[in-house]
Each structure stands twice: as C-alpha cells, then as structure tokens.
Amino acid sequence: MAAADDATAFAIQQLLAERCATARADRTTREPGEPGVRLRTFVDLRQQPDA
C-alpha cells in the first residue's frame with residue numbers, strides 16, 4: 001500500500017489485521033525524491049483472524 005507517512009501506513013495495516021489474517025510488516029520503504037511511503041503486507045481473506 002502507499003501512504004503519506006509511517007503512522008498512516010501502520011494504522012491501515014492495523015485496520016486490515018482486525019478484519020482478516022495478515023502478515024504484518026515492521027518497516028516501510030521510501031523512494032528517494034518521491035513523497036510518501038510504501039508498506040508491503042499480505043492479506044488472506046479466506047481465513048478468520050485469531051480471536
């Protein structure tokens with residue numbers, strides 16, 4: 001996903017984790033000279049999150 005900053009990217013990741021099984025990332029990446037950050041996360045919509 002792409003986001004304006006780290007806080008926004010991790011907030012979106014948290015929302016996804018509350019609704020489906022995800023592999024969480026612990027860092028974002030930045031492209032030099034480009035605004036914003038990117039976060040790679042894998043979402044499995046077929047499974048229920050741990051309760």
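Structure: see above.
Residues numbered from 1 in each chain as written. Predicted model: local features only at pLDDT ≥ 70, side-chain atom pairs only at ≥ 80, totals over all residues. Heavy atoms only, no water.

Another aspect to go through is the environment of Asp6. For Asp6, the position within the fold is in helix H1 (residues 6-19). Relative accessible area serves as the criterion here: at 29%, Asp6 is assigned to the partly exposed category. When the C-alpha atoms of Asp6 and Arg30 are compared, they prove to be 9.9 Å apart, with 24 residues separating the residues in sequence. Not counting the four nearest positions on each side in its chain, Asp6 is found in contact with Thr28, Arg30 and Val37. For Asp6, the side chain forms a polar contact with the side chain of Thr28, separated by 2.5 Å. A polar contact of 3.5 Å, which involves the side chain of Asp6, links it to the side chain of Arg30. (Helix = DSSP H or I, 4+ residues; strand = E, 2+ residues; numbered from the N terminus. Buried < 20%, exposed > 50% of the residue type's maximum accessible area, 1.4 Å probe, protein only. Contact = heavy atoms within 4.5 Å. Polar contact = N/O pair within 3.5 Å; in protein donor to acceptor, adjacent residues only side chain to side chain.)

The next point concerns H1. Its 14 residues place the ends of H1 20 Å apart at the C-alpha level, agreeing with the 20 Å of an ideal helix rising 1.5 Å per residue. Of all the residues in H1, the buried ones are Ala9, Gln13 and Ala17. Here the buried residues of H1 occupy an arc of 75° about the axis, which is enough to place them on one side. Within H1, the exposed residues directed more than 90 degrees away from the buried face are Ala7 and Arg19. Those residues of H1 hidden inside the fold are in contact with strand E1 (2-3), strand E2 (21-23) and strand E3 (37-38). The backbone nitrogen of Ala7 lies 3.3 Å from a side-chain oxygen of the residue at the head of H1, namely Asp5. (Expected span 1.5 Å × (residues − 1). Arc of directions from axis to C-beta.)

Moving on, we come to the side chain of Thr28. Mapped onto the fold, Thr28 is located in the loop between E2 and E3. For Thr28, a relative accessible area of 16% gives the class buried.

This part is about the environment of Thr29. Looking at where Thr29 falls in the secondary structure, it is placed in the loop between E2 and E3. For the pair Thr29 and Arg40, spaced eleven residues apart in sequence, the C-alpha to C-alpha distance is 8.8 Å. In this structure Thr29 touches Val37 and Arg38, once residues within four positions along its chain are discounted.

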